[in-house]
Every structure is written in structure tokens, then in C-alpha cells.
Amino acid sequence: MPVLEINAISKSYGKIRALENVSFNIPKGSVFGLLGPNGSGKTTLLSIVLDVLQANSGVYKWFGESPTYLHRKKIGSLLETPNLYHYLTAVQNLRITQTISGRGNEGDIHAVLEKVNLHERKNSRFSTYSLGMKQRLAIARAIYGLPKYVVMDEPNSNLDELGENALVKTVQALKANGSTVVITTHRPRLVGV
Ligand code: ADP
Ligand code: MG
């Protein structure tokens, strides 16, 4: 059974048709890349399957069932704009992720911040980070506690070369863990790892 089934999803913003009749399945254990240029509807599609946006028509199923909050909790995710708490530090932000997801422990918070090279600044507020650092924290949140299901929208945006190398390693580690990973990108390097 596929992890995610997308069936005939369409979405318009007024006159702009962002998605038309999109259907495909995401197999369990895959690293699934959605490649497409700017404006091709990647963020719109991921926002729909993460229940942030409503489709005009079509359905999707997580784990063969109509999506619920409980399914959603199993999925580590990152959407286009990192929406973390601005006045909280990296550690405080991840403690909230820990509470909501029910995954991981305090040690995992420090481990994931090391993985994304943010450990030195772990006690600085999110609002004081550069764009690339914000993106690193958003990645840390998506992969925190090694979720079995991860959805990331252009995770490489604003990352430098080192950050991108770390991201590729992270995706490889998720794959080795048996996780299913969905990534949108316009950079083919990130898919097929
Ligand atoms: P991608 O993530 O692939 O760059 P998007 O899903 O962001 O693409 O956008 C797909 C299309 O929908 C684009 O034409 C974009 O202009 C349009 N669009 C996205 N969000 C909005 C919005 N909030 N209001 C109006 N149009 C939007
Ligand atoms: Mg996008």
C-alpha cells in the first residue's frame, strides 16, 4: 500500500490554475522527488497534503485512509516559509516539536542541531538567524526524532554548499532508517540519493 495516494487534485487561485488533475502514489520507503520549475505547483500540492490548504477537487489518502490529525502527527514537515516561533531559541522551538510530535528526547534535540550545524547558536532566538540558519532549523524540525515519514518543500533553499551536503547526508540517513521522504526541488542533485 502506498504511503500517500494523490488522486485527481486540482487547485486554482482565482484565475490561476496551479494544479490540474494531479494523480500519483508515493511508495513506502522511497525518497520521492518532485522536480519542477518555480510556479509549477509544488508548494501548493504539499500544502494540500499537509492540510494547510484545501484543494478545489480531488482526494488524497495517507496510509490508505482519509487524513486525520493523528496521521499528520507522524509526518515531519517543512513548507516553503519556515514558520517557527520568532522569539524562541532553536532548543525551545524543538521542545515544542517534541511535545507536539511525541517523538525524541532532549538528547535528540542537541543531536539534530549538531547535524544541521546550528549547535553553536542553539540558544539564540530564531529572529536573530540568517535566512540559511532559519532554513537549517526548519530542516532540524522536519527530521527531529527520525520520523518514518518526512515531507520537505525545497529544503535546499538558502543553504550554502556545506548545508546542502549535510542535507544530502540527512536524506541518506532517513532512507537507511526506512523512512519515506518526499522532497520538492528544482535541483536534481537532491533526489535519487
Ligand atoms: P512552486 O512551489 O512550484 O514554485 P506554487 O505552488 O508556489 O509553485 O505556485 C503555483 C502557482 O500558483 C503559481 O502560478 C503561483 O503564482 C500561484 N500561487 C501560489 N500561491 C498563490 C496565492 N496565495 N495566491 C495566488 N496565486 C498563488
Ligand atoms: Mg514552492
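Our subject in this report is the structure included herewith. (Residues numbered from 1 in each chain as written. Chains lettered and ligands numbered in written order. Predicted model: local features only at pLDDT ≥ 70, side-chain atom pairs only at ≥ 80, totals over all residues. Heavy atoms only, no water.)

## Focus: the sheet that holds strand β6 (residues 149–153)
Argument step 1. Taken in spatial order, the four strands of this open sheet run β3-β7-β6-β5, and their pairing is parallel. Either end of the sheet is taken by a strand with one partner, and the two such strands are β3 (31–35) and β5 (75–78). Averaged over all pairs of adjacent strands, the angle between their axes in this sheet comes to 10°, without regard to strand direction.
Argument step 2. Sheet analysis places β6 next to strand β7 (residues 180–185), joined by five bridges and oriented parallel. Residue pairing for β7: D153 is matched across the bridge by T184.
Argument step 3. Each of β3, β6 and β7 touches helix α6 (residues 161–176); the most contacted strand, β6, lies at about 155° to it. (Pairing = 2+ DSSP bridges. Helix = DSSP H or I, 4+ residues; strand = E, 2+ residues; numbered from the N terminus. Axes fitted to C-alpha atoms, helices over the stretch in contact; angles between N-to-C directions. Contact = heavy atoms within 4.5 Å.)

## Digging into the site of ligand 1
Argument step 1. Around ligand 1, the structure places Y13, I16, A18, P37, N38, G39, S40, G41, K42, T43 and T44.
Argument step 2. At 3.1 Å, a backbone N or O of S40 approaches an oxygen atom of ligand 1.
Argument step 3. A distance of 2.9 Å separates an oxygen atom of ligand 1 from a polar atom in the side chain of K42.
Argument step 4. Because more than half of its atoms lie within 2 Å of the grid, ligand 1 is assigned to the second largest pocket.
Argument step 5. Mapped by element, the contributors of at least two residues to the shell around ligand 1 are β2 (16–26) and α1 (42–49).
Argument step 6. Considering each element in turn, the shell around ligand 1 owes the most residues, three residues, to α1.
Argument step 7. Its residues assigned to classes, the shell around ligand 1 shows four nonpolar, six polar and one charged. (Near = heavy atom within 4 Å. Polar contact = N/O pair within 3.5 Å; in protein donor to acceptor, adjacent residues only side chain to side chain. 1 Å grid on protein atoms, 1.4 Å probe; cavity = no way out; pocket = protein on both sides within 12 Å on 5 of 7 lines; lining within 4 Å. Sits in = over half its atoms within 2 Å of the grid points. Nonpolar A, V, L, I, M, F, W, Y, C, P; charged D, E, K, R; others polar.)

## Quick word on the pattern of salt bridges
A pair can form between side chains of opposite charge whenever their charged atoms are brought close.
Argument step 1. Counted by the stated rule, this structure contains four salt bridges.
Argument step 2. Residue E20 is joined to R17 by a salt bridge in which the shortest nitrogen-to-oxygen separation is 3.3 Å.
Argument step 3. Here D160 ties to R136 by a salt bridge, and the two come within 3.1 Å at their closest N and O atoms. Note that D160 is positioned in the loop between β6 and α6 and R136 in helix α5 (residues 131–143), a separation of 24 residues in sequence.
Argument step 4. Owing to a relative accessible area of 12%, R136 belongs among the buried residues under this scheme. (Salt bridge = Lys/Arg side-chain N within 4 Å of Asp/Glu carboxyl O. Buried < 20%, exposed > 50% of the residue type's maximum accessible area, 1.4 Å probe, protein only.)

## Quick word on the layout of surface pockets
Argument step 1. Taken as a whole, the largest pocket encloses approximately 560 Å³ of empty space.
Argument step 2. Lining the largest pocket are 22 residues, with R72, S77, N83, I100 and R141 sitting closest to its centre.
Argument step 3. Listed by contribution, the elements that provide at least two residues to the lining of the largest pocket are α2 (69–73), β5, α3 (90–101) and α5.
Argument step 4. Broken down by element, the lining of the largest pocket gets its largest block of residues, five residues, from α3.
Argument step 5. Classifying every residue of the lining of the largest pocket by side-chain character gives eleven nonpolar, seven polar and four charged.
Argument step 6. As a volume, the second largest pocket reaches approximately 180 Å³.
Argument step 7. Around the second largest pocket, the lining residues are I16, A18, N38, G39, S40, G41, K42, T43, T44, E80, E154 and H186.
Argument step 8. Elements with a minimum of two residues in the lining of the second largest pocket: β2 and α1.
Argument step 9. The residue makeup of the lining of the second largest pocket, split by class, is two nonpolar, seven polar and three charged. (Points joined across faces, edges and corners; volume = space filled by probe spheres on them.)

## Comments concerning the pairing of β7
Argument step 1. With respect to burial, β7 is a largely interior element, six of its six residues being buried.
Argument step 2. Alternating residues of β7 divide into T180, V182 and T184 and V181, I183 and T185, and every residue in both groups is buried.
Argument step 3. Judged from the five bridges that link them, β3 and β7 form a sheet pairing that is parallel. Counted as the bridge partner of G33 is I183 from β7.

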